[in-house]
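Residue-level listing of the chains:
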Amino acid sequence: GGIVGFLRSIGYTINMVRPTRTVIVFDGKGGSNRRRKIFPEYKAGRKMSVRLNRHLDVSLTREDEHKMMIRQLNRVIEYLECLPLTIMTMDGIEADDVIGYSSKHLFRDKCTIMSTDKDFLQLVDNRIQVYSPTKKLMYDEERIMNEYGIAATNFLLYRILDGDKSDGIPGVKGAGLKTLLKIFPWLGSPHKYTIEDMMKSSMPKVKQYKLCTEILDSKDQLFMNKKLMDLDDVNISGSSKLKIQEIIENPIQRLVKHKFQRMFLEDKLYTALPNLESWLHSTFNRLNHMAEKTHG
């Protein structure tokens, strides 16, 4: 179920990217509260729709599924604590904000974000890329431009106008991608534009395009959306930023192979990863070597 899928997905991506370190970030307790204070409907309609126990031929209630999900997530963390990784979760902060702040402001080397959430595309630049495990595509500046017709520097502005249905964030009526590119072709420019630039550009076009009127009438909503969706200039406290930096600068956990293997046998996962010794070596040997260096 969830444990096997998580480990396989992480292992696949590590073997593909070959990073010098890997950081796994979870939402903290009450992580959505800050955004709900700005917009009470934030994530209000989100439901768990994916079953974690597809191999079980039994009928489980949604409550059973939720309990199973929590149990498997806790077990996944136990597995991860045996691997040469950095695990991060901070109360009151969503994982997106931690990832955005870390990748943009703490790491200085090339960085790959693994996520299915296209909000992370706003962070892509000459150093940061985003890998989508569902699409099996690596997004850099060129791919974003080819797929969306929008420069990565202006992807946040596009998302502010488009909204996010999965999070319940409303967009501007009629602000589809094709229409936006027709009226505002400068979205494809590497120059970074702002909401103010969008408003200014809309004013002379209100008679020609209804969308321009909608944009001008949605000024407050657009600035609210920016507060909700901006992952570069994240709205978290200075003490939280220092805590994130401290965790990243701490020595990285070494591989604890015997404990991982013991849990693996307890959970009877040997059919899911039949050659565990080889998988651990090929996937985590390089990361373990780098982790050793952080212990001096």
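Residues numbered from 1 in each chain as written. Predicted model: local features only at pLDDT ≥ 70, side-chain atom pairs only at ≥ 80, totals over all residues. Heavy atoms only, no water.

Peer 1: How should I be thinking about the nonpolar core in this particular structure?
Peer 2: Note that soluble globular proteins tend to have their nonpolar side chains buried in a common cluster. Residues Phe184 and Ile215 are the most contacted members of the largest nonpolar core, which totals 55 residues. The element contributing the most residues to this core is helix H6 (residues 155-162), with 6 residues. Apart from residues no more than four positions distant in its own chain, isoleucine 215 is found in contact with Leu161, Val172, Phe184, Met198, Met199, Ser202 and Leu222. Counting residues in hydrophobic clusters, the runner-up holds 24 residues, among them Ile3, Val76, Phe260 and Phe264. (Core = buried A, V, L, I, M, F, W, Y, C linked by side-chain atoms within 4.5 Å. Buried < 20%, exposed > 50% of the residue type's maximum accessible area, 1.4 Å probe, protein only. Helix = DSSP H or I, 4+ residues; strand = E, 2+ residues; numbered from the N terminus. Contact = heavy atoms within 4.5 Å.)

Peer 1: Any chance you could explain the side chain of asparagine 288 here in plain terms?
Peer 2: Mapped onto the elements, asparagine 288 comes out in helix H13 (residues 276-294). Dropping the residues within four chain positions of it, asparagine 288 is found in contact with Pro84, Arg254 and Leu255.

Peer 1: Got a minute to help me understand unusual backbone geometry in this structure?
Peer 2: Leaving glycine out, the prevailing phi sign among residues is negative, and the prevailing peptide bond configuration is trans. A positive phi angle, close to 55°, is found at arginine 18, a residue other than glycine. Mapped onto the elements, arginine 18 comes out in the loop between helix H1 (2-17) and strand S1 (23-26). Since its relative accessible area comes to 35%, arginine 18 is described here as partly exposed. For lysine 136, which is not glycine, the phi torsion reads 55° and is therefore positive. Looking at lysine 136, the relative accessible area reads 53%, which means it is exposed.

Peer 1: Quick question: what am I supposed to make of empty space enclosed by the protein here?
Peer 2: If a probe the size of a water molecule is rolled over the atoms, the empty space left behind becomes visible. Under the criterion given, the structure shown has 1 cavity of 30 Å³ or more. A volume near 70 Å³ is recorded for the largest cavity. As for the largest cavity, its lining consists of Arg35, Tyr42, Glu94, Asp96, Asp119, Asp167, Ile169, Leu228, Met229 and Leu231. (1 Å grid on protein atoms, 1.4 Å probe; cavity = no way out; pocket = protein on both sides within 12 Å on 5 of 7 lines; lining within 4 Å. Points joined across faces, edges and corners; volume = space filled by probe spheres on them.)

Peer 1: What exactly am I supposed to notice about the pattern of salt bridges here?
Peer 2: Pairing is possible between side chains that carry opposite charge, provided their charged atoms lie close to one another. Counted by the stated rule, this structure contains 16 salt bridges. With a closest N to O distance of 3.1 Å, aspartate 164 and arginine 159 form a salt bridge. Arginine 159 carries the same exposure label as aspartate 164, and that label is buried. Linked by salt bridges that have partners in common, Arg34, Arg35, Lys43, Glu94 and Asp97 make up one network. (Salt bridge = Lys/Arg side-chain N within 4 Å of Asp/Glu carboxyl O.)

Peer 1: Help me understand the sheet that holds strand S4 (residues 128-132) in this model?
Peer 2: Each strand in a sheet pairs with its neighbour through backbone hydrogen bonds, running either in the same direction (parallel) or in the opposite one (antiparallel). Taken in spatial order, the 3 strands make up an open sheet running S3-S4-S5, and their pairing is mixed. Two strands close off the open sheet at either side, each with one partner strand: strand S3 (111-114) and strand S5 (137-139). For this sheet, the mean angle separating the axes of adjacent strands, direction not counted, is 25°. The pairing of S4 with S5 spans 3 bridges and is antiparallel. Bridging from a neighbouring strand, tyrosine 131 pairs with methionine 138 of S5. Each of S3, S4 and S5 touches H1; the most contacted strand, S3, lies at about 155° to it. (Pairing = 2+ DSSP bridges. Axes fitted to C-alpha atoms, helices over the stretch in contact; angles between N-to-C directions.)

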